[in-house]
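Breakdown of the fold
The chain contents come next:
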Amino acid sequence: MLFYLTMLHLARFLWEDPPVVDESDTNTARRAAYDQWVQGDFLCRNDNVYHEVQTAKEFWNSLEFKNWK
């Protein structure tokens, strides 16, 4: 799975925390970066299957915990 996500340039979502942007923020560059992060995280999680976790990072950590224990 890690190789697949690396090839799609989505592996960074497994380790990064989501950016913090206020709803009232009017800086378009920050909003675009946040929207891009949300879309990449959605693709990484495959939201239709793994909808119970909030981020891909949480999903990856749960998989590592399950497989290495």
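The rules behind these values
- Residues numbered from 1 in each chain as written.
- Predicted model: local features only at pLDDT ≥ 70, side-chain atom pairs only at ≥ 80, totals over all residues.
- Heavy atoms only, no water.
- Helix = DSSP H or I, 4+ residues; strand = E, 2+ residues; numbered from the N terminus.
- Buried < 20%, exposed > 50% of the residue type's maximum accessible area, 1.4 Å probe, protein only.
- Contact = heavy atoms within 4.5 Å.
- Areas by Shrake-Rupley, 256 points an atom, 1.4 Å probe, with all protein chains shown as cover.
- Core = buried A, V, L, I, M, F, W, Y, C linked by side-chain atoms within 4.5 Å.
- Polar contact = N/O pair within 3.5 Å; in protein donor to acceptor, adjacent residues only side chain to side chain.
- Expected span 1.5 Å × (residues − 1).
- Arc of directions from axis to C-beta.

Let's shift gears to the overall build of the protein. From N to C terminus, the protein includes 3 helices and 0 strands. When the helices and strands of the protein are read in sequence order from the N terminus, they spell out α-α-α. Buried residues in the protein amount to 23% of all 69 residues. Sequence separation of at least 24 residues holds for 45% of the intrachain contacts in the protein that already meet a minimum separation of 6. As displayed, the protein offers around 5400 Å² of accessible surface, 56% of which is attributable to carbon and sulfur atoms.

With that out of the way, let us pick up the nonpolar core. Ranked by size, the top nonpolar core spans 9 residues in total: Leu-5, Leu-10, Ala-11, Phe-13, Leu-14, Trp-37, Cys-44, Ala-56 and Trp-60. Of all elements in the fold, only helix 2 (28-45) and helix 3 (56-68) reach the threshold of two or more residues within this core. Aside from chain neighbours lying at most four places away, what touches Leu-14 is Leu-2, Leu-5, Cys-44, Ala-56, Lys-57 and Trp-60.

Checked against the element boundaries, Asp-41 lands in helix 2. When its relative accessible area of 4% is taken as the criterion, Asp-41 is described as buried. Within the structure, the side chain of Asp-41 is placed 2.7 Å from the backbone nitrogen of Ala-56, a separation counted as a polar contact. In this structure Asp-41 touches Phe-13, Gln-54, Thr-55 and Ala-56, once residues within four positions along its chain are discounted.

What follows is about helix 2. An ideal rise of 1.5 Å per residue puts 26 Å on 18 residues; helix 2 measures up with 25 Å between its terminal C-alpha atoms. Turning to helix 2, its buried residues are Trp-37, Gly-40, Asp-41, Cys-44 and Arg-45. Viewed along the axis of helix 2, the buried residues span an arc of 125 degrees, placing them on a single side of the element. Of the residues in helix 2, the exposed ones pointing more than 90 degrees away from the buried face are Thr-28 and Gln-36. Its side-chain oxygen at 3.0 Å from the backbone nitrogen of Ala-29, Asn-27 defines the N-terminal cap of helix 2.

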